[in-house]
Amino acid sequence: MNAIIASLFKDNIMPVLPVMTHPGIEIIGKDVLDAVRDGQVHADAVLALRKRYPMSAASTTIMDLSVEAEAFGANVVFAPGEVPTVTGRLLESAADVEALHVPGLDAGRVPEYLKANRLAARQLDCPLLGGCIGPFSLAGRLYDMTELMMAMFTEPETVHALLEKCTAFLLDYVKAVKAAGASGVVMAEPASGLLSGDDCTTYSSDYVKRIVAEVQDDTFAVVLHNCGNQGQCTGSMVGTGAAALHFGNVIDMAGVLAEVPGDIAVMGNVDPVGVMKMAMPDRVREEVRKLKTLALGHGNFVLSTGCDVPPSAPMHNIAAFFGAAAE
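Here the structure is a predicted model, which means the values were calculated and not measured.

Below, the discussion takes up empty space enclosed by the protein. Per the counting criterion, the structure on display carries three cavities of 30 Å³ or more. Forming the walls of the largest cavity are Pro18, Met20, Val46, Leu49, Arg50, Tyr53, Ser56, Ala58, Ser59, Thr60 and Phe322. Looking at the lining of the largest cavity, the elements with two or more residues in it are helix H4 (39-52) and strand E1 (59-60). Residue contributions to the lining of the largest cavity peak at three residues, all from H4. Across the lining of the largest cavity, the residue classes break down as seven nonpolar, three polar and one charged. By volume, the second largest cavity amounts to about 50 Å³. It is strand E4 (residues 128-133) that provides the largest number of residues to the lining of the second largest cavity, a total of three residues. Residues belonging to the lining of the second largest cavity are distributed by class as follows: nine nonpolar, one polar and two charged.

Between side chains of opposite charge, a pair can form when the charged atoms approach closely. For the structure on display, the rule yields twelve salt bridges. With a closest N to O distance of 2.5 Å, Asp282 and Arg285 form a salt bridge. Pair noted here: Asp282 and Arg285 are both in helix H14 (residues 281-294), with a separation of three residues, about one helical turn. Judged by its relative accessible area of 55%, Asp282 falls in the exposed class. Taking the relative accessible area as the measure of exposure, Arg285 reaches 25% and is therefore partly exposed.

Where H14 meets helix H15 (residues 315-326), the closest approach of the two axes is 8 Å, and the angle between their N-to-C directions is 30°. Taken together, H14 and H15 sit at an angle that is classed as roughly parallel. In terms of crossing hand, the pair formed by H14 and H15 is right-handed. Taken together, the residues of H15 that come into contact with H14 (itself represented by Pro281, Val284, Arg285, Val288 and Lys292) are His316, Asn317, Ala320, Phe321, Ala324 and Ala325. By residue class, the composition of the contact of H14 with H15 is seven nonpolar, two polar and two charged.

Counting residues in each nonpolar core, the largest one holds 117 residues, and the members touching the most others are Phe136, Leu142, Leu162, Tyr173, Phe247 and Phe321. With eleven residues, the top contributor of residues to this core is helix H10 (residues 156-179). Beyond its immediate sequence surroundings of up to four residues, Leu162 is in contact with Leu91, Val97, Leu100, Ala139, Leu142, Tyr143 and Leu148.

Here we come to the side chain of Lys165. Note on placement: Lys165 falls in helix H10. The charged side chain of Lys165 is buried without a salt bridge, its nearest counter-charge being Glu98 at 7.6 Å. Reaching out from Lys165, the side chain makes a polar contact with the backbone oxygen of Glu98 at a distance of 2.9 Å. Residues in contact with Lys165, not counting those within four places in the same chain, are Phe72, Val97, Glu98, Ala99, Leu100 and Val102.

In this section: the sheet that holds strand E8 (residues 265-270). Reading across the sheet, the seven strands line up as E1-E4-E5-E6-E7-E8-E9 and stay open at both edges, with parallel pairing between neighbours. Of all strands in the sheet, those with a lone pairing partner are E1 and strand E9 (301-305), marking the two edges. Two elements, strand E5 (residues 184-188) and strand E6 (residues 221-226), share five bridges in a ladder whose sense is parallel. When the bridges of E6 are listed, Ala188 appears paired with His225. Sitting on the sheet, H10 is in contact with E4 and E5, with an inclination near 165° to E4.

Scoring rules and cut-offs
Residues numbered from 1 in each chain as written. Predicted model: local features only at pLDDT ≥ 70, side-chain atom pairs only at ≥ 80, totals over all residues. Heavy atoms only, no water. 1 Å grid on protein atoms, 1.4 Å probe; cavity = no way out; pocket = protein on both sides within 12 Å on 5 of 7 lines; lining within 4 Å. Points joined across faces, edges and corners; volume = space filled by probe spheres on them. Helix = DSSP H or I, 4+ residues; strand = E, 2+ residues; numbered from the N terminus. Nonpolar A, V, L, I, M, F, W, Y, C, P; charged D, E, K, R; others polar. Salt bridge = Lys/Arg side-chain N within 4 Å of Asp/Glu carboxyl O. Buried < 20%, exposed > 50% of the residue type's maximum accessible area, 1.4 Å probe, protein only. Axes fitted to C-alpha atoms, helices over the stretch in contact; angles between N-to-C directions. Parallel < 35°, antiparallel > 145°, perpendicular 65-115°, else oblique. Left-handed = near helix turned anticlockwise from the far one by under 90°. Contact = heavy atoms within 4.5 Å. Core = buried A, V, L, I, M, F, W, Y, C linked by side-chain atoms within 4.5 Å. Lys, Arg positive; Asp, Glu negative; His and termini not counted. Polar contact = N/O pair within 3.5 Å; in protein donor to acceptor, adjacent residues only side chain to side chain. Pairing = 2+ DSSP bridges.

Right under this line is the structure:
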């Protein structure tokens with residue numbers, strides 16, 4: 001593990017690090033729309049959540065998978081209380097991909113997200129993990145995921161051309177997140193979970209690996225998140241060289257812990273919707289205890305949620321999560 005990830009493991013205590021920002025937005029009395037459009041509100045939410053739950057090993061920014069697609073020109077729908085979503089199809093042909101301009105870091109809401117990282121990192125007493133989408137998931141939002149999957153078989157050269165442009169932009173973006181003061185980035189690549197292990201390597205991990213090689217060092221960690229992986233992509237994720245791998249609630253964590261080498265942090269995987277948002281506190285505590293028992297003997301495990309905790313998750317469930325973690 002690199003120095004940033006290794007720093008989370010202190011005094012032989014299992015680190016606790018839920019991917020969570022939306023409850024902080026609610027603590028400060030703002031709406032999701034305020035935070036995704038205003039870097040100051042976004043940072044204030046991160047700081048408020050840190051003050052409420054200081055036992056988290058690090059803080060995270062919002063997992064918003066529309067920011068990068070919007071920068072490329074995709075249409076994004078905003079609704080009160082909801083995470084922004086990409087709609088429609090920006091690219092429809094190889095010619096569209098060839099003509100696609102790789103945007104600068106001044107496009108769309110990118111400046112506000114970099115601002116949020118900069119403001120939060122200055123004031124936190126713990127590491128900050130910024131966020132970004134992964135290259136394959138970004139390509140799917142630009143080309144349409146179903147069409148992209150078909151193009152992998154009919155015109156793979158077009159898919160690779162698009163992935164090159166997505167990777168170029170993401171590399172610039174992650175470098176800017178690093179320069180803003182973040183200690184790492186959670187790269188969300190859920191769409192790669194739709195692929196076989198070999199295809200995940202070809203169309204996702206090989207590109208992620210290039211970003212990791214450029215940005216990861218003792219001061220900055222890449223946390224690769226794939227909540228779509230059901231086990232077939234785990235080996236491919238390991239091959240990216242990311243310092244930490246983050247898994248969703250659909251996967252068997254016992255299998256993950258057996259497969260991932262001990263020098264890579266394994267993070268997960270309490271269900272963020274079915275448990276953290278919809279269940280009662282007793283169920284939250286039960287799931288946390290199960291994971292803690294499962295991870296006994298694995299010194300590389302970080303207790304986390306399976307994905308970003310969604311808006312309107314009850315505060316008593318978050319308290320139950322941290323309470324059970326501290327037992």
